[in-house]
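Observations on the model geometry
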Amino acid sequence: MKPRHLLLIASIAAFALSAVSAGGAFANDRYATPPPLVLSPDLSAPWVTQLQPQRSAGQLAPTAPRIYQNNNRSQQRATTPQRSANGKQTRKKQDKTLRQNTVAQQGSFIRASATAPQNPAKTAGGMNPIYLPQEVDYTTKHKTGTIIIDTKNKFLYLVGDNGKARRYGVGVGKEGFSWKGTETVSRKAEWPTWHPPKEMIARERKKGRILPTRMEGGLANPLGARALYLGNTLYRIHGTNAPSTIGKAVSSGCIRMRNQDVEELYERIPVGTKVVVI
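Below you will find a few notes about this structure. (Residues numbered from 1 in each chain as written. Predicted model: local features only at pLDDT ≥ 70, side-chain atom pairs only at ≥ 80, totals over all residues. Heavy atoms only, no water.)

What follows deals with the side chain of H238. By the secondary structure assignment, H238 is in strand β8 (residues 236-240). Excluding residues that lie within four positions of it along the chain, H238 makes contacts with P222, L223, R226, A227, C254, I255, R256, M257 and V262. (Helix = DSSP H or I, 4+ residues; strand = E, 2+ residues; numbered from the N terminus. Contact = heavy atoms within 4.5 Å.)

Across the sheet, which stays open at both edges, the 9 strands sit in the order β1-β4-β3-β2-β11-β6-β7-β8-β10 with mixed pairing between neighbours. Edge positions in the sheet fall to β1 (134-137) and β10 (255-258), since each has one partner strand and no second. When the angles between neighbouring strand axes are averaged without regard to direction, this sheet yields 35°. Where β8 lies against β10, 4 bridges are found, and the strand directions are parallel. Bridged to I237 within β10 is I255. (Pairing = 2+ DSSP bridges. Axes fitted to C-alpha atoms, helices over the stretch in contact; angles between N-to-C directions.)

The next point concerns the nonpolar core. Core analysis: the biggest nonpolar cluster contains 20 residues, and I147, I149, L156, I237, M257, L265 and V275 have the highest contact counts within it. Of all the elements in the fold, those that place two or more residues in this core are β2 (147-150), β3 (155-159), β7 (226-230), β10, α7 (259-268) and β11 (274-277). At 3 residues, α7 tops the list of elements feeding residues into this core. With residues near it in sequence (within four places) discarded, I149 still touches F155, L156, I237, I255, V275, V276, V277 and I278. Counting 12 residues, the second-largest nonpolar core is a separate cluster that includes M127, Y138, I246 and V276. (Core = buried A, V, L, I, M, F, W, Y, C linked by side-chain atoms within 4.5 Å. Buried < 20%, exposed > 50% of the residue type's maximum accessible area, 1.4 Å probe, protein only.)

This part takes up the environment of K174. In this structure, K174 sits in the loop between β5 (172-173) and β6 (181-190). Given a relative accessible area of 26%, K174 falls into the partly exposed group. A C-alpha to C-alpha distance of 4.3 Å links K174 and A249, two positions 75 residues apart in sequence.

Structural measurements only, silent on function.
The following block contains the structure:
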């Protein structure tokens, strides 16, 4: 064999040996500690970091919960007898059901109010939207916080400041049962028990309708969600589950309101509030 052939064979062998050595080194590199990851300046720019979800300051540093108290409310509850825990749970369930029904009704009330002409038609619930609660101008000699009931126009006004009042639609006493005068709220009750007067029981019996002597509070109770008792009389401002009767003379002398409206009034006024019926 010629010398040049031997030199070529030796070169090829040396190259093969170096390749095998390098391959083993690369294989071992897979298990070595990887180099640190460096983020490109382009990817750390502000417009990129804005894509990440942000947490509000409140989430980063939560604060203690706030507790709101209504002193008048606490005082008013103190004047009424304490009820059992079961009774409170029942009233809460009734209030929840009432709120759900209210939400379902509000859509039709709002739509009817938005499109109502000067003499608006009745809503799907049977109530004219003119009797929905609203703030109105009202001039009176009576003090702020007084309740004034206009039986002719079927409105109840809660007198406010600066010539304003909160106005609600009401149902009033039918012919022969209407009355006028001044009383004070002597008691307040949530989901009150109904005790029909003997005169009413006898009167309804003649019509073929038998009334109970007592009915516990609830959604089927004619007194509705709340009742404000007027002095020592048999009259009350109370709720009703029949909003179609608001704006009419249908009662036996009591003033009836939508349940959600009497709930609002209940929270706004204390025992001792002056009530003027005109």
